Amino acid sequence: MLHACGYAGKTRDAAAPTGHRLIRSLRRGDTASPESSYRSEADMKCETSVSRRRLLQRLMLGVSLAPVAASALRTARAATPAPLLPVDAPEAKAVHYVENASDAREAKPGSNCANCGLYQGANGSARGPCSLFPGKDVKAAGWCSSWAPQL
Ligand code: SF4
């Protein structure tokens, strides 16, 4: 006989109380008796099957939602630009960073952050990350002594 959860095994245990014995036990209020706490083998297998199915469903849902969550996180990060590197920060001073390459006497003509190999901003962007200063943006028009040509 097929159980409600799909279990096709035995649905009635040999030790199961008959209807009369169970009713008598319930009338006596004998809640601690094995009869009143009796659960059939089919019920227990069904519970195990259902909880295993729920666990698998939750795992599959988690796996399928992970890329969506990662994408949302990336979008949120992209929407919030990193703070600009202050020119007076010690790490900026160490490499003579300026926000306008024309202010740097050492800069080769035409060189700036936008055409530096370490610049990670999008083409045409006014600012973007630089691998030299993690967590900070530099101005595309800026320059520092670590400027290197793009490969
Ligand atoms: S390393 Fe390149 S991108 Fe970074 S601040 Fe210096 S010139 Fe600009």
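Residues numbered from 1 in each chain as written. Predicted model: local features only at pLDDT ≥ 70, side-chain atom pairs only at ≥ 80, totals over all residues.

Colleague: It is not clear to me how the overall build of the protein chain should be interpreted in this structure. Could you clarify?
Modeller: Counting secondary structure elements, the protein chain contains three helices and two strands. Scanning the protein chain from its N terminus toward the C terminus, one meets helices and strands in the order α-α-α-β-β. The buried share of the protein chain, taken over its 151 residues, is 16%. Restricting to contacts in the protein chain with at least 6 residues of sequence separation, those with at least 24 account for 59%. (Helix = DSSP H or I, 4+ residues; strand = E, 2+ residues; numbered from the N terminus. Buried ≥ 20, exposed ≤ 12 C-beta atoms within 10 Å, placed from the backbone. Contact = placed C-beta atoms within 7 Å.)

Colleague: Could you clarify how one ought to interpret the nonpolar core in this entry?
Modeller: Nonpolar side chains tend toward joint burial in soluble globular proteins. One finds Cys113, Cys130 and Trp143 to be the most contacted residues of the largest nonpolar core, which totals 17 residues. Every residue in contact with Trp143, bar those within four places of it in the chain, is listed here: Val98, Ala101, Ala104, Ala107, Ser111, Asn112 and Cys113. (Core = buried A, V, L, I, M, F, W, Y, C linked by C-beta atoms within 7 Å.)

Colleague: I keep staring at the confidence of the model for the protein chain and nothing clicks. Help me out?
Modeller: Per-residue pLDDT for the protein chain averages 78, and the proportion of residues at 70 or more is 59%. Note on residues 32-37: pLDDT is under 50 here. Beyond four places in sequence and across chains, it has nine contacts. (pLDDT = per-residue confidence, 0-100.)

Colleague: Got a minute to help me understand the environment of Pro83 in this structure?
Modeller: Along the chain, the position of Pro83 falls in the loop between helix 2 (41-79) and helix 3 (90-94). Taking the C-alpha atoms as reference points, Pro83 and Lys136, separated by 53 residues in sequence, lie 5.3 Å from one another. If we skip the residues at most four places from it in the chain, Pro83 touches Lys136 and Asp137.

Colleague: Could you clarify how one ought to interpret the environment of Asp103 in this entry?
Modeller: By the secondary structure assignment, Asp103 is in the loop between helix 3 and strand 1 (127-129). Overall, the presence of 13 C-beta atoms within 10 Å leaves Asp103 in the partly exposed class.

Colleague: What is the right way to read unusual backbone geometry from this model?
Modeller: The bulk of non-glycine residues show a negative phi, and the bulk of peptide bonds are trans. Residues other than glycine seldom take positive phi values, yet His96 does so here, at roughly 55 degrees. Within the fold, His96 resides in the loop between helix 3 and strand 1.

Colleague: Is there a simple way to think about the environment of Asn112 in this case?
Modeller: By secondary structure assignment, the location of Asn112 is in the loop between helix 3 and strand 1. Given 22 C-beta atoms within 10 Å, Asn112 falls into the buried group. The spacing of Asn112 and Ala101 is eleven residues in sequence and 5.6 Å in space, taken between C-alpha atoms.

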